[in-house]
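Here's the letter readout for the chains.
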Amino acid sequence: MKVLVLGAGNVGKAIAWDLRDEFDVHVGDVSEKRLRAVSDFATPVQVNASDFNGLVETMKNFELVVGALPGRFGYQSVRAAIKAGVDMVDVSFMPENPLELRDEAEKAQVTVIFDAGFAPGLSHILMGRIWNEIDELREGYIYVGGLPKEPRPPLYYRITWSPKDLIEEYTRPARVIRDGEVTSVDPFEEIREITVGDFEFEAFVSDGLRSLLESVRAERLEEWTLRWPGHLEKMKVLRELGFFKEEHVDKTLEVIAPLMTYESPDFSIMQVVGRGTLDGEEKEIGYLLYDEEKEGFTSMARVTGFTAAIVARLVAEKGCIFGVIPPEILGMRIDTFTRITEELAERGIKIERWENAPPGDS
């Protein structure tokens with residue numbers, strides 16, 4: 001099967017590498033430099049994602065597309081895949097709602113699984129499993145972060161994914177469920193201290209629930225993104241001073257991106273917790289994931305890219321129905337949930353499950 005991976009960055013490279021032995025993998029990107037970095041295990045293809053018609057024509061040469069582009073290209077690439085009549089798995093953090101394309105995808109008999117990365121993605125798969133294991137979910141929380149093991153001042157963060165998508169986390173209103181209703185809050189309305197695993201973090205509420213807002217019913221549902229202490233207050237000040245406005249963000253990144261670009265192994269951590277009732281009794285179910293950089297891939301590339309590659313295999317095997325499918329559906333189905341988590345474990349990404357008390361709690 002011919003597969004096109006859109007984007008030759010860290011995540012796209014990990015996806016292509018994972019798929020290389022089973023598929024005829026091509027990688028599309030506008031940058032010749034990035035394409036050279038994947039040429040040992042994939043066929044480079046020059047692609048300009050901003051050219052919609054050109055993207056459609058390129059996609060027609062493939063049976064499956066895996067999107068690993070920045071969020072601003074995500075919705076257009078999904079539209080292009082539907083028009084080209086090719087299945088797609090996408091990890092971009094697009095601001096638009098891809099569920100709006102459901103009818104078009106069904107009519108074209110195309111399968112699109114969006115937000116199929118780490119968070120959103122694996123976070124939704126785990127929450128979908130919890131949703132299916134509890135009779136009535138009262139509250140659910142996702143705590144997630146990708147961080148350097150050796151944080152450096154002044155910002156205590158290392159960029160391992162799209163810088164613009166990072167800034168958008170701090171500017172986009174965060175949609176959550178409170179008192180059973182969907183509402184939007186300022187991501188910096190509260191900066192909270194949180195313990196996850198063996199670590200102490202600061203956290204802010206982020207706009208990562210996306211399709212969970214429609215598929216999961218609860219009194220309270222939130223995603224919190226984790227950072228090392230000292231990062232968020234500085235980013236909050238930059239936002240308040242206008243440095244993250246659209247007309248200024250490129251110049252801002254010229255200054256602050258180098259401060260977050262340095263050598264340090266990264267790690268990914270995620271805790272997904274649901275509380276409610278099962279058979280009339282109080283129940284808490286949780287999952288904890290921890291992963292580190294290894295084998296030449298950042299941890300963020302591993303947890304995002306390998307998850308997407310496993311989902312791509314499911315689509316390639318025609319194990320999904322036509323239409324635009326949110327990732328939590330894969331968690332609600334025990335067969336796909338088991339397949340995904342077992343294959344991640346084979347790649348060294350292990351997920352620990354608990355009931356009623358997190359690991360290590362007395």
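Procedures and definitions
- Residues numbered from 1 in each chain as written.
- Predicted model: local features only at pLDDT ≥ 70, side-chain atom pairs only at ≥ 80, totals over all residues.
- Heavy atoms only, no water.
- Helix = DSSP H or I, 4+ residues; strand = E, 2+ residues; numbered from the N terminus.
- Rg over C-alpha atoms; globule rule 2.2 N^0.38 Å.
- Buried < 20%, exposed > 50% of the residue type's maximum accessible area, 1.4 Å probe, protein only.
- Contact = heavy atoms within 4.5 Å.
- Areas by Shrake-Rupley, 256 points an atom, 1.4 Å probe, with all protein chains shown as cover.
- Lys, Arg positive; Asp, Glu negative; His and termini not counted.
- Charge placed at Lys NZ, Arg CZ, Asp CG, Glu CD.
- Phe/Tyr/Trp six-rings, centres within 6.5 Å; stacked < 30°, edge-to-face > 60°.
- Lys NZ or Arg CZ within 6 Å of the ring centre and 35° of its normal.
- Core = buried A, V, L, I, M, F, W, Y, C linked by side-chain atoms within 4.5 Å.
- Domains from an automatic or database assignment.

Per an unreviewed UniProt entry, the protein chain is named Saccharopine dehydrogenase, and its organism is Thermococcus camini.

*Asks:* Pulling in residues and values, what's your account of the overall build of the protein chain?
*Replies:* When its secondary structure is counted, the protein chain shows 13 helices and 16 strands. Taken against the 2.2 N^0.38 rule, which gives 21 Å for 362 residues, the C-alpha radius of gyration of the protein chain at 20 Å falls within 12% of a compact globule. Its C-alpha atoms put the protein chain at 55 × 50 × 35 Å along the principal axes. Buried positions account for 57% of the 362 residues belonging to the protein chain. Counting only contacts in the protein chain whose residues sit at least 6 apart along the sequence, the fraction spanning at least 24 positions is 70%. As displayed, the protein chain has an accessible area near 15,400 Å², and 46% of this comes from carbon and sulfur atoms. With 42 positive and 65 negative side-chain charges, the protein chain shows a spacing of 4 Å between the two charge centroids.

*Asks:* A description of the packing of aromatic side chains should follow, citing residues and the corresponding values.
*Replies:* Within a pair of aromatic rings, the relevant descriptors are the distance that separates the centres and the angle that separates the planes. Applying the stated rule across the entire model yields 15 aromatic pairs. Clustering of aromatic rings is evident, with ring pairs tying together Phe199, Phe201, Trp228, Phe267 and Tyr290. The ring of Trp17 has Arg20 sitting right over it, with the charged end atom 4.0 Å from the ring centre. The ring of Phe337 has Arg129 sitting right over it, with the charged end atom 5.5 Å from the ring centre.

*Asks:* Run through the nonpolar core, naming residues and quoting values.
*Replies:* Ranked by size, the top nonpolar core spans 65 residues in total, and within it Val27, Val66 and Ile340 carry the most contacts. Take this core: its biggest share by element is twelve residues, from helix α11 (residues 299-316). No fewer than three residues from each of domain 1 (2-113) and domain 2 (122-299 + 328-355) sit in this core. Once residues lying within four places of it in the same chain are set aside, the contact partners of Val27 are Leu4, Val5, Gly7, Ala8, Ala16, Leu35, Val38, Ala42, Thr43, Pro44 and Val45. Counting 36 residues, the second-largest nonpolar core is a separate cluster that includes Val196, Val205, Ile256 and Ala257.

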